[in-house]
Amino acid sequence: MKKQLTVLFALALFSFSNFTSCQQAPVIDEAEVTRIISTLAADDMEGRRTFTPGIDKAAKFIAGEFQKTGLEYLDGLNSYQQKFNMYSLTPESASVTINGKTIAEEDILASVSAQSFELKDVTNAQVFTIPAGTDFQATFNEARRAEGKRVVLVDPSHKNLFTRYKGFFTRANRVMELDAANGMVMAITKATSLKSVDIKVTNTMEENALGNVAAKITGNRTNEIVVFSGHYDHLGIRGVEGDTIYNGANDDASGTTAVLTLAKYFKDMGTKPERTIIFVAFTAEEMGGFGSRYFSQQLNPDEIVAMFNIEMIGKPAVSGPNTAWITGFDKSDFGTLLQKAVEGTEYEFYADPYPTQNLFYRSDNATLARLGVPAHTISTTPIDVDPDYHKSSDEVSTLDMAHMTNTIKAISSAAERIISGTDTPTRVDPAGLN
Ligand SMILES: [Zn+2]
């Protein structure tokens, strides 16, 4: 009897433990988090600068992790790599004649989106003027944001500032699309209106490949998508002395690690999620957010119900460990939903404590937010006092792995009600953005 009882008891125990292991959520494990971030931020990734072998190596590692986890490719792709090309345009020559007068080379600043650019008809031009005593930068920004063929007539009194801007624009200009009908040409001139014009600008052009790394778990609702993102590029190798490798452990190997860890977490749930989930590591964030821009053009932004962009979660926030802040808190109710979702736990979400730093606009979330997506960045970095931000000292050894693991756990539970379709954040109004 006794023996049989024991067997029965053991059987009961076995089936009970079997039952609980099916029901239990997968574990987000500190050792695994440490393994991933240490690989991404290792010296052999050479700082993961876009267009370098270091970032290619990082892309392969990320794709390998997605593969191990058993995730799907994005629609239309046959690998986890979402590749695209960019053009690098370096000014070669520019000739400008305004109202019959030839402008000296040093008085020309040209920023055009093609290998060659011409303008001979004043009716095709949008004209801006920067007279003496007016705000150079304001008109410059206005002209820069405008589209089409733009001519900016700059009064000679602005020559010093003009020369500084020109120095910056003689470096290579990277564009995603070539467009010979788009360009801005500035000239130092006494002219205040354009009666005749003859402009020819030539660039040397180089084409380079780059890419995001992305994966998917298809849910019951294929046209309702939740995105988790972080950028895997950083600043590369700089300088010649001392530690020249900018490892970008916090910025943003930490966010990329979160994306990989969350991908495994949601896949290991073993059940098909209600909403479709996309996990993406963006390229070229540090160069101007080109990876997220390309990504946003490959799907319908109206189908993205929320975007969790994760940036720098390796150091506890000024409000202490087990807290994170969310940028653009007032731009949708995404942040409020996350706050409610973790109510009663030891973790708390706050609004971004650095509103003057415009952090909402300084990461990949902004590209999607401009398309109406409730796209916000979650971060814990004490950015105002962090001695390692954008320094070669941004190493794994400066990070707090327990805090980072807890943050990823908090994001996973905060996201559950959105993934299950229970909560849907309100859309961002692009008209209300800067
Ligand atoms: Zn970053």
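Before any of the text, the structure's been laid out above.
Rules and cut-offs
Residues numbered from 1 in each chain as written. Predicted model: local features only at pLDDT ≥ 70, side-chain atom pairs only at ≥ 80, totals over all residues. Heavy atoms only, no water. Helix = DSSP H or I, 4+ residues; strand = E, 2+ residues; numbered from the N terminus. Buried < 20%, exposed > 50% of the residue type's maximum accessible area, 1.4 Å probe, protein only. Contact = heavy atoms within 4.5 Å. Areas by Shrake-Rupley, 256 points an atom, 1.4 Å probe, with all protein chains shown as cover. Lys, Arg positive; Asp, Glu negative; His and termini not counted. Charge placed at Lys NZ, Arg CZ, Asp CG, Glu CD. Pairing = 2+ DSSP bridges. Right-handed = clockwise from strand over helix to strand, strands pointing away. Core = buried A, V, L, I, M, F, W, Y, C linked by side-chain atoms within 4.5 Å. Donors = N, O, S within 2.8 Å, 3.2 Å for Na, K, Ca; no water. Tetrahedral: all angles 85-135°; square planar, octahedral: opposite > 155°, others 65-115°.

Chemist: Which residues make up the overall build of the protein, and what values go with them?
Modeler: Across its full length, the protein carries ten helices and 17 strands. Along the three orthogonal principal directions, the C-alpha set of the protein runs to about 110 × 50 × 45 Å. Counting across all 434 residues of the protein, residues that qualify as buried make up 50%. Excluding contacts between residues fewer than 6 apart, the proportion of contacts in the protein whose partners are at least 24 apart in sequence is 86%. Summed over all atoms, the accessible surface of the protein reaches about 19900 Å², with 51% contributed by carbon and sulfur. Treating the 40 positive side-chain charges of the protein as one cloud and the 54 negative ones as another, the clouds have centres 3 Å apart.

Chemist: Explain the pairing of strand β16 (residues 348–351) to me, and be specific about the residues and the numbers.
Modeler: By the bridge criterion, four bridges tie strand β15 (residues 323–326) to β16 in an arrangement that is parallel. Following the sheet pairing, Ala 324 is matched in β16 by Phe 349. Note that the unit made of β15, helix α8 (residues 334–341) and β16 has a crossover that is right-handed.

Chemist: Go over the nonpolar core, please, and point to the residues and values.
Modeler: Counting 57 residues, the largest nonpolar core has Phe 66, Phe 228, Phe 266, Phe 279, Phe 308 and Phe 349 as its most contacted members. Non-local contacts of Phe 349, meaning those with residues more than four positions away in its chain, are made with Ala 324, Ile 326, Leu 338, Gln 339, Val 342, Ile 378, Ala 410, Ile 411 and Ala 414. Val 112, Leu 194, Val 197 and Ile 199 belong to the second largest nonpolar core, which has 18 residues in total.

Chemist: How would you sum up the coordination of the zinc ion? Please name residues and give values.
Modeler: Within the protein, the atoms that donate to the zinc ion are His 231 (NE2), Asp 251 (OD), Glu 311 (OE) and Glu 311 (OE), at distances of 2.0 to 2.7 Å. Here the zinc ion is ringed by four donor atoms whose angles at the metal span 53 to 155°, and the overall shape comes out irregular. Every donor residue of the zinc ion comes from the same chain, spaced as H-x19-D-x59-E. With His 231 in strand β10 (residues 221–231) and Asp 251 in helix α6 (residues 249–268), this pair connects stretches of sequence that are 20 residues apart. Here His 231 matches Asp 251 in class, with each residue buried.

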